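Here is what each chain is made of, one letter per residue.
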Amino acid sequence: MLITNEDNMELIARYEDNYFDLAIVDPPYGININSSGRLGHYGGKGKNWDSEIPTKKYFKELFRISKNQIIWGGNYFYLKPTRCFLIWDKQQPEAVSFASCEYAWTSFNKSAKTFYMRPQNADDYRIHPTQKPVKLYEWLLMNYAKEGDKILDTHLGSGSIAIACHNLGYDLTACELDKEYYNAAIKRIEQHKAQIRIF
């Protein structure tokens, strides 16, 4: 597992075409999720990382270095049509103002699928305003990765994907630009590994 604190374009530039078997990424949706301050208690207050979507160059390079892709927030980006949208159904009451689901665009020629889990029933350790459950990433890996695949994440965030890759034995390369999130994610990952060793 290789996790760095750097700009994802610097990481991407180091790799040859099709180096990674599967990229699973959760880029900014460009919706200013921290603007209301509602999610500041999850490490988002005062940050502007969600002010715009990634550039076309980012997506071009992502497709260059990975054979397959799962891109959260795919409905916010200018991507070609896919028949294999993945949906995280958050099982929220209709009155709740937060989104009741999130979409992931994929490069797979398969049927669309849905993963069901309330965020409240996910991980206790919350460090990021858009943190996704470890079990969601495990579901992605179990259904869309093959044994021995090299996995890429260009927006590590809370580190949930790193924990899922550790649990299932996948080789992950990832980066996170924000130093605070990077340090918190590394701490979370190391604590998880230590807990696994104890048991």
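Predicted, not measured: the structure shown is a model, and the values here were computed from it.

Where do I start with the pattern of salt bridges in this structure?
A side chain with one charge can pair with a side chain of the opposite charge if their charged atoms come near. Per the stated rule, a full pass over the model turns up 9 salt bridges. Asp-21 is the salt-bridge partner of Lys-67, the closest N and O atoms lying 3.2 Å from each other. In this pair, Lys-67 sits in strand β3 (residues 66-72) while Asp-21 sits in strand β2 (residues 20-25), placing the two residues 46 residues apart along the sequence. Its relative accessible area of 15% is what places Asp-21 among the buried residues.

For this particular structure, what's the right way to read helix α3 (residues 134-144)?
One turn of an α-helix holds 3.6 residues; hence residues three or four places apart share an orientation. Taking burial as the measure, the 11 residues of α3 include 8 buried ones, the bulk of the element. Along α3, the residues that are buried comprise Val-134, Leu-136, Tyr-137, Glu-138, Trp-139, Leu-140, Leu-141 and Tyr-144.

So what exactly am I meant to see when it comes to the nonpolar core here?
One recurring pattern in soluble globular proteins: nonpolar side chains tend to sit buried together. In terms of nonpolar packing, the biggest core is built from 51 residues, with Ile-24, Ile-70 and Ile-151 touching the most fellow members. Sort the elements by how many residues they give to this core and α3 lands first, with 7 residues. With sequence-adjacent residues up to four places away left out, Ile-70 is seen in contact with Leu-22, Ala-23, Ile-24, Val-25, Leu-86, Ala-104, Trp-105, Thr-106, Phe-108, Leu-140 and Tyr-144.

When you look at the pairing of strand β5 (residues 101-106) in this model, what are you seeing that I'm missing?
For a regular strand, side chains alternate in direction, first toward one face of the sheet and then toward the other. Alignment of β3 against β5, held across 3 bridges, turns out to be antiparallel. The residue bridging Ile-71 from the neighbouring strand is Trp-105, located in β5.

Can you walk me through the sheet that holds β2 in this structure?
Whether parallel or antiparallel, the strands of a sheet pair through hydrogen bonds between backbone atoms. Across the sheet, which stays open at both edges, the 8 strands sit in the order β1-β8-β7-β2-β3-β5-β4-β6 with mixed pairing between neighbours. At either end of the open sheet lies a strand with only one pairing partner, and these are β1 (2-4) and β6 (113-116). Sheet twist, expressed as the average angle between the axes of neighbouring strands with direction ignored, equals 15 degrees. One ladder, built from 4 bridges, connects strand β4 (residues 86-89) with β5; its direction is antiparallel. Residue pairing in the sheet places Ile-87 in a bridge with Tyr-103 of β5. Along the sheet, helix α2 (residues 56-65) contacts β2, β3, β5 and β7 (150-153); its crossing angle with β3, the most-contacted strand, is approximately 135 degrees.

What counts as what
Residues numbered from 1 in each chain as written. Predicted model: local features only at pLDDT ≥ 70, side-chain atom pairs only at ≥ 80, totals over all residues. Heavy atoms only, no water. Salt bridge = Lys/Arg side-chain N within 4 Å of Asp/Glu carboxyl O. Helix = DSSP H or I, 4+ residues; strand = E, 2+ residues; numbered from the N terminus. Buried < 20%, exposed > 50% of the residue type's maximum accessible area, 1.4 Å probe, protein only. Core = buried A, V, L, I, M, F, W, Y, C linked by side-chain atoms within 4.5 Å. Contact = heavy atoms within 4.5 Å. Pairing = 2+ DSSP bridges. Axes fitted to C-alpha atoms, helices over the stretch in contact; angles between N-to-C directions.

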